[in-house]
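Single-letter residue listing:
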Amino acid sequence: MKSTNYTFPAFSTRAFPIWQRNFLVWKKLAGASVLGNIADPLITLLAFGYGLGSLLTHVDGIPYIQYLASGSICMSIMMAASFEALYSAFSRMHVQKTWEALLNAPLALDDVVLAEMLWAATKALISGLAILLVIFALGIGLHPHTLLVLPLLFLIGMMFASLGLVVNALAKGYDFFTYYFTLVLTPMVFLSGVYYPVAQLPGWLQGIASVLPLGAAVNLVRPLLLGHWPSAPLLDIGILLAYCIVAFYAAIVLTRKRLLN
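In this text, all values refer to a predicted model and were calculated from it rather than measured experimentally.

Some details on the overall build of the chain
Then, number 1: When its secondary structure is counted, the chain shows ten helices and two strands.
Then, number 2: Rg of the C-alpha trace for the chain: 19 Å, near the compact-globule value of 18 Å for 261 residues, within the 12% margin.
Then, number 3: The principal-axis extent of the C-alpha atoms belonging to the chain is close to 60 × 40 × 35 Å.
Then, number 4: The contacts in the chain between residues at least 6 apart in sequence include a share of 79% that link residues at least 24 apart.
Then, number 5: Here the chain contributes 13 positively and 9 negatively charged side chains, and the mean placements of these two sets differ by 10 Å.

See below:
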(Lines give C-alpha, C1' and ligand atoms only; values in the text may rest on other atoms or scores of the structure.)
Protein backbone atom coordinates (compact mmCIF):
# COMPACT_ATOMS: atom_id res chain seq x y z
CA MET A 1 0.00 0.00 0.00
CA LYS A 2 1.18 3.49 -0.77
CA SER A 3 1.68 6.09 1.91
CA THR A 4 -0.52 9.16 1.99
CA ASN A 5 0.76 12.72 1.84
CA TYR A 6 -2.17 14.64 3.36
CA THR A 7 -2.53 15.53 7.02
CA PHE A 8 -6.19 16.13 7.70
CA PRO A 9 -8.76 13.33 7.49
CA ALA A 10 -10.56 13.07 4.16
CA PHE A 11 -14.00 11.47 4.27
CA SER A 12 -16.68 10.69 1.73
CA THR A 13 -20.10 9.05 1.52
CA ARG A 14 -18.28 5.81 0.67
CA ALA A 15 -18.04 5.19 4.41
CA PHE A 16 -21.75 4.35 4.46
CA PRO A 17 -21.52 1.11 2.38
CA ILE A 18 -18.78 -0.08 4.76
CA TRP A 19 -21.06 0.65 7.72
CA GLN A 20 -23.84 -1.17 5.90
CA ARG A 21 -21.59 -4.16 5.29
CA ASN A 22 -20.81 -4.43 9.01
CA PHE A 23 -24.50 -4.11 9.84
CA LEU A 24 -25.48 -6.91 7.45
CA VAL A 25 -22.85 -9.23 8.91
CA TRP A 26 -23.97 -8.39 12.46
CA LYS A 27 -27.65 -8.93 11.60
CA LYS A 28 -27.02 -12.65 11.10
CA LEU A 29 -26.13 -13.02 14.79
CA ALA A 30 -27.97 -10.01 16.16
CA GLY A 31 -29.80 -11.86 18.93
CA ALA A 32 -26.70 -13.40 20.46
CA SER A 33 -24.78 -10.14 20.04
CA VAL A 34 -27.35 -7.99 21.83
CA LEU A 35 -27.77 -10.59 24.57
CA GLY A 36 -24.03 -10.66 25.11
CA ASN A 37 -23.82 -6.88 25.37
CA ILE A 38 -26.70 -6.48 27.83
CA ALA A 39 -26.19 -9.60 29.98
CA ASP A 40 -23.38 -8.20 32.12
CA PRO A 41 -24.96 -4.79 32.89
CA LEU A 42 -28.34 -6.46 33.41
CA ILE A 43 -26.89 -8.93 35.93
CA THR A 44 -25.06 -6.05 37.65
CA LEU A 45 -28.25 -4.01 37.76
CA LEU A 46 -30.34 -6.78 39.26
CA ALA A 47 -27.70 -8.14 41.64
CA PHE A 48 -26.46 -4.81 42.99
CA GLY A 49 -29.69 -2.88 42.53
CA TYR A 50 -31.84 -5.29 44.50
CA GLY A 51 -29.12 -6.98 46.58
CA LEU A 52 -27.12 -3.98 47.76
CA GLY A 53 -30.16 -1.80 47.26
CA SER A 54 -31.97 -3.65 50.05
CA LEU A 55 -29.25 -2.43 52.44
CA LEU A 56 -28.51 0.93 50.82
CA THR A 57 -31.94 2.21 49.94
CA HIS A 58 -31.08 5.76 48.78
CA VAL A 59 -28.02 7.55 47.41
CA ASP A 60 -28.14 11.35 47.11
CA GLY A 61 -31.87 11.10 47.77
CA ILE A 62 -32.36 8.69 44.84
CA PRO A 63 -33.48 5.05 45.24
CA TYR A 64 -30.34 3.00 44.68
CA ILE A 65 -31.83 0.88 41.91
CA GLN A 66 -32.53 4.08 39.96
CA TYR A 67 -29.11 5.51 40.75
CA LEU A 68 -27.40 2.33 39.54
CA ALA A 69 -29.57 1.91 36.45
CA SER A 70 -28.86 5.42 35.22
CA GLY A 71 -25.11 4.83 35.56
CA SER A 72 -25.08 1.27 34.23
CA ILE A 73 -26.44 2.28 30.84
CA CYS A 74 -23.42 4.55 30.31
CA MET A 75 -21.11 1.72 31.36
CA SER A 76 -22.79 -0.65 28.91
CA ILE A 77 -22.42 1.84 26.06
CA MET A 78 -18.72 2.17 26.91
CA MET A 79 -18.18 -1.58 26.92
CA ALA A 80 -20.19 -2.30 23.77
CA ALA A 81 -18.45 0.41 21.73
CA SER A 82 -15.04 -0.60 23.06
CA PHE A 83 -15.46 -4.31 22.29
CA GLU A 84 -16.55 -3.53 18.73
CA ALA A 85 -13.75 -1.01 18.10
CA LEU A 86 -11.16 -3.38 19.57
CA TYR A 87 -11.82 -7.08 19.04
CA SER A 88 -14.15 -6.88 16.04
CA ALA A 89 -12.26 -4.08 14.27
CA PHE A 90 -8.92 -5.83 14.88
CA SER A 91 -10.33 -9.03 13.41
CA ARG A 92 -11.45 -7.19 10.29
CA MET A 93 -8.18 -5.28 10.03
CA HIS A 94 -5.63 -7.96 10.84
CA VAL A 95 -7.10 -11.49 10.97
CA GLN A 96 -9.84 -11.56 8.34
CA LYS A 97 -8.06 -9.00 6.10
CA THR A 98 -11.40 -7.29 5.46
CA TRP A 99 -9.81 -3.84 5.51
CA GLU A 100 -7.21 -4.96 2.97
CA ALA A 101 -9.97 -6.15 0.64
CA LEU A 102 -11.86 -2.88 1.09
CA LEU A 103 -8.78 -0.84 0.27
CA ASN A 104 -8.47 -2.67 -3.04
CA ALA A 105 -11.75 -0.99 -3.96
CA PRO A 106 -11.95 2.78 -4.60
CA LEU A 107 -12.06 3.53 -0.86
CA ALA A 108 -9.83 5.61 1.38
CA LEU A 109 -8.53 4.29 4.68
CA ASP A 110 -10.09 7.29 6.41
CA ASP A 111 -13.51 6.13 5.18
CA VAL A 112 -12.88 2.68 6.62
CA VAL A 113 -11.91 4.07 10.02
CA LEU A 114 -14.90 6.44 10.01
CA ALA A 115 -17.24 3.56 9.16
CA GLU A 116 -15.77 1.45 11.96
CA MET A 117 -16.28 4.26 14.46
CA LEU A 118 -19.86 4.90 13.37
CA TRP A 119 -20.69 1.19 13.33
CA ALA A 120 -19.28 0.68 16.84
CA ALA A 121 -21.37 3.63 18.05
CA THR A 122 -24.45 2.22 16.31
CA LYS A 123 -23.97 -1.20 17.86
CA ALA A 124 -23.50 0.40 21.28
CA LEU A 125 -26.70 2.41 20.79
CA ILE A 126 -28.62 -0.78 19.93
CA SER A 127 -27.37 -2.35 23.15
CA GLY A 128 -28.25 0.82 25.04
CA LEU A 129 -31.79 0.75 23.66
CA ALA A 130 -32.20 -2.84 24.85
CA ILE A 131 -31.08 -1.84 28.34
CA LEU A 132 -33.40 1.17 28.25
CA LEU A 133 -36.31 -1.20 27.65
CA VAL A 134 -35.31 -3.17 30.75
CA ILE A 135 -35.02 0.05 32.74
CA PHE A 136 -38.48 1.12 31.53
CA ALA A 137 -39.84 -2.26 32.65
CA LEU A 138 -38.51 -1.44 36.12
CA GLY A 139 -40.40 1.85 36.04
CA ILE A 140 -37.27 3.98 35.61
CA GLY A 141 -36.79 6.68 32.99
CA LEU A 142 -40.43 7.14 32.05
CA HIS A 143 -39.97 10.88 31.44
CA PRO A 144 -39.94 13.14 28.35
CA HIS A 145 -36.33 14.00 29.25
CA THR A 146 -35.36 10.42 28.37
CA LEU A 147 -35.72 11.19 24.65
CA LEU A 148 -32.63 13.40 24.95
CA VAL A 149 -30.66 10.41 26.20
CA LEU A 150 -30.69 8.76 22.77
CA PRO A 151 -28.40 11.22 20.92
CA LEU A 152 -26.20 11.34 24.02
CA LEU A 153 -25.80 7.55 23.96
CA PHE A 154 -24.69 7.73 20.33
CA LEU A 155 -22.17 10.47 21.14
CA ILE A 156 -20.84 8.42 24.06
CA GLY A 157 -20.56 5.43 21.74
CA MET A 158 -18.64 7.46 19.14
CA MET A 159 -16.27 8.76 21.79
CA PHE A 160 -15.42 5.34 23.24
CA ALA A 161 -15.24 3.83 19.76
CA SER A 162 -12.68 6.48 18.81
CA LEU A 163 -10.61 5.70 21.91
CA GLY A 164 -10.84 2.01 21.08
CA LEU A 165 -9.65 2.57 17.51
CA VAL A 166 -6.55 4.31 18.89
CA VAL A 167 -5.73 1.19 20.89
CA ASN A 168 -6.62 -0.99 17.89
CA ALA A 169 -4.08 0.86 15.75
CA LEU A 170 -1.37 0.14 18.32
CA ALA A 171 -2.26 -3.48 19.09
CA LYS A 172 -0.13 -6.38 17.91
CA GLY A 173 -2.62 -8.99 19.08
CA TYR A 174 -5.79 -9.55 21.07
CA ASP A 175 -3.87 -9.82 24.35
CA PHE A 176 -2.92 -6.14 24.08
CA PHE A 177 -6.53 -5.17 24.71
CA THR A 178 -6.37 -6.65 28.21
CA TYR A 179 -4.16 -3.75 29.28
CA TYR A 180 -6.72 -1.23 28.06
CA PHE A 181 -9.64 -2.90 29.80
CA THR A 182 -7.71 -3.53 33.03
CA LEU A 183 -5.80 -0.26 33.32
CA VAL A 184 -8.20 2.21 31.70
CA LEU A 185 -11.83 1.11 31.40
CA THR A 186 -12.26 -0.81 34.66
CA PRO A 187 -10.78 1.93 36.89
CA MET A 188 -12.88 4.48 35.00
CA VAL A 189 -16.05 2.63 35.97
CA PHE A 190 -15.22 2.94 39.67
CA LEU A 191 -14.19 6.61 39.40
CA SER A 192 -17.12 7.91 37.38
CA GLY A 193 -20.11 7.65 39.69
CA VAL A 194 -21.64 4.50 38.25
CA TYR A 195 -21.92 2.67 41.57
CA TYR A 196 -21.56 5.49 44.11
CA PRO A 197 -21.19 9.29 44.16
CA VAL A 198 -17.86 10.73 43.12
CA ALA A 199 -18.04 12.91 46.24
CA GLN A 200 -17.20 9.82 48.30
CA LEU A 201 -13.72 9.68 46.74
CA PRO A 202 -10.62 11.43 48.12
CA GLY A 203 -10.12 14.95 46.77
CA TRP A 204 -7.30 14.06 44.40
CA LEU A 205 -9.38 11.25 42.87
CA GLN A 206 -12.33 13.60 42.48
CA GLY A 207 -10.06 15.84 40.42
CA ILE A 208 -9.22 12.93 38.12
CA ALA A 209 -12.85 11.85 37.94
CA SER A 210 -13.94 15.33 36.86
CA VAL A 211 -12.16 14.98 33.50
CA LEU A 212 -13.00 11.34 32.75
CA PRO A 213 -15.29 10.79 29.76
CA LEU A 214 -17.43 8.19 31.51
CA GLY A 215 -17.98 10.63 34.38
CA ALA A 216 -19.19 13.28 31.93
CA ALA A 217 -21.49 10.70 30.35
CA VAL A 218 -23.00 9.76 33.71
CA ASN A 219 -23.43 13.43 34.65
CA LEU A 220 -25.52 13.93 31.52
CA VAL A 221 -27.52 10.71 31.34
CA ARG A 222 -28.42 10.15 35.00
CA PRO A 223 -30.41 13.38 35.53
CA LEU A 224 -32.27 12.95 32.24
CA LEU A 225 -33.30 9.40 33.09
CA LEU A 226 -34.53 10.61 36.46
CA GLY A 227 -36.53 13.47 34.95
CA HIS A 228 -34.15 16.35 35.71
CA TRP A 229 -31.76 18.59 33.77
CA PRO A 230 -27.97 18.08 34.06
CA SER A 231 -26.22 20.65 36.24
CA ALA A 232 -23.47 21.52 33.72
CA PRO A 233 -24.51 20.11 30.32
CA LEU A 234 -22.26 22.30 28.16
CA LEU A 235 -19.16 21.36 30.15
CA ASP A 236 -19.89 17.63 30.05
CA ILE A 237 -20.82 17.66 26.35
CA GLY A 238 -17.62 19.61 25.69
CA ILE A 239 -15.59 16.92 27.50
CA LEU A 240 -17.18 14.17 25.41
CA LEU A 241 -16.66 16.07 22.15
CA ALA A 242 -13.04 16.86 23.01
CA TYR A 243 -12.24 13.22 23.72
CA CYS A 244 -14.10 12.10 20.59
CA ILE A 245 -12.43 14.55 18.20
CA VAL A 246 -8.90 14.15 19.57
CA ALA A 247 -9.14 10.37 19.82
CA PHE A 248 -10.62 9.96 16.34
CA TYR A 249 -7.93 12.13 14.80
CA ALA A 250 -5.28 10.10 16.65
CA ALA A 251 -6.90 6.88 15.42
CA ILE A 252 -6.72 8.13 11.82
CA VAL A 253 -3.06 9.13 12.13
CA LEU A 254 -1.99 5.91 13.87
CA THR A 255 -3.97 3.67 11.52
CA ARG A 256 -2.44 5.39 8.48
CA LYS A 257 1.00 4.91 9.99
CA ARG A 258 0.33 1.23 10.54
CA LEU A 259 -1.28 0.35 7.23
CA LEU A 260 -0.15 2.91 4.65
CA ASN A 261 3.55 3.44 5.41
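So much for the structure itself; the text now carries on.
Things to note about the packing of aromatic side chains
Then, number 1: Inspection of the entire model under this criterion finds 18 aromatic pairs.
Then, number 2: Seen in terms of ring centroids, tyrosine 180 and phenylalanine 181 are 6.2 Å apart; in terms of plane orientation they differ by 75°. Their pairing is edge-to-face.
Then, number 3: Tyrosine 180 gets classed as buried once you look at its relative accessible area, which sits at 9%.
Then, number 4: In this structure phenylalanine 181 comes out as buried when scored by relative accessible area, which is 12%.
Then, number 5: A cation over a ring is seen here: arginine 222 above tyrosine 67, with NZ or CZ 3.6 Å from the ring centre.

Topic: the confidence of the model for the chain
Then, number 1: Residues of the chain with pLDDT of at least 70 account for 95%, and the chain-wide mean is 89.
Then, number 2: Within the chain, helix α6 (residues 149–170) carries the highest mean pLDDT (97), whereas helix α2 (residues 30–51) carries the lowest (73).
Then, number 3: Overall, residues 1–5 carries pLDDT values under 50, and its contacts beyond four positions in sequence, including any with other chains, amount to nine contacts.

Observations concerning the environment of glycine 31
Then, number 1: Position of glycine 31 relative to the elements: it lies in helix α2.
Then, number 2: Given the relative accessible area of 55%, glycine 31 is considered exposed.

Comments concerning the environment of leucine 102
Then, number 1: Mapped onto the elements, leucine 102 comes out in helix α4 (residues 98–103).
Then, number 2: In this view, leucine 102 contacts Ile18, Leu107 and Val112; residues no more than four positions away in its chain are not counted.

Structural notes on the packing of α6 against helix α9 (residues 213–225)
Each packed pair of helices is defined by two parameters, the angle between the axes and the distance between the axes.
Then, number 1: Two elements in contact, α6 and α9, have axes separated by 10 Å at closest approach and are oriented at 170°. Put simply, α6 runs roughly antiparallel to α9. For the pair formed by α6 and α9, the contact residues are Val149, Leu152, Leu153, Ile156, Met159 and Phe160 on the first element and Pro213, Leu214, Ala217, Leu220, Val221, Leu224 and Leu225 on the second.
Then, number 2: Here the contact of α6 with α9 is built from residues that sort into 13 nonpolar, no polar and no charged.

Topic: unusual backbone geometry
Then, number 1: With a phi close to 55°, aspartate 60 is a non-glycine residue in the positive phi region.
Then, number 2: Looking at the element boundaries, aspartate 60 is found in the loop between β1 (58–59) and β2 (62–63).
Then, number 3: The class of aspartate 60 is exposed, set by a relative accessible area of 61%.
Then, number 4: We note that lysine 97 has phi near 60°; this positive angle belongs to a residue other than glycine.
Then, number 5: The class for lysine 97 is partly exposed, based on a relative accessible area of 40%.

The rules we used
- Residues numbered from 1 in each chain as written.
- Predicted model: local features only at pLDDT ≥ 70, side-chain atom pairs only at ≥ 80, totals over all residues.
- Heavy atoms only, no water.
- Helix = DSSP H or I, 4+ residues; strand = E, 2+ residues; numbered from the N terminus.
- Rg over C-alpha atoms; globule rule 2.2 N^0.38 Å.
- Contact = heavy atoms within 4.5 Å.
- Lys, Arg positive; Asp, Glu negative; His and termini not counted.
- Charge placed at Lys NZ, Arg CZ, Asp CG, Glu CD.
- Phe/Tyr/Trp six-rings, centres within 6.5 Å; stacked < 30°, edge-to-face > 60°.
- Buried < 20%, exposed > 50% of the residue type's maximum accessible area, 1.4 Å probe, protein only.
- Lys NZ or Arg CZ within 6 Å of the ring centre and 35° of its normal.
- pLDDT = per-residue confidence, 0-100.
- Axes fitted to C-alpha atoms, helices over the stretch in contact; angles between N-to-C directions.
- Parallel < 35°, antiparallel > 145°, perpendicular 65-115°, else oblique.
- Nonpolar A, V, L, I, M, F, W, Y, C, P; charged D, E, K, R; others polar.

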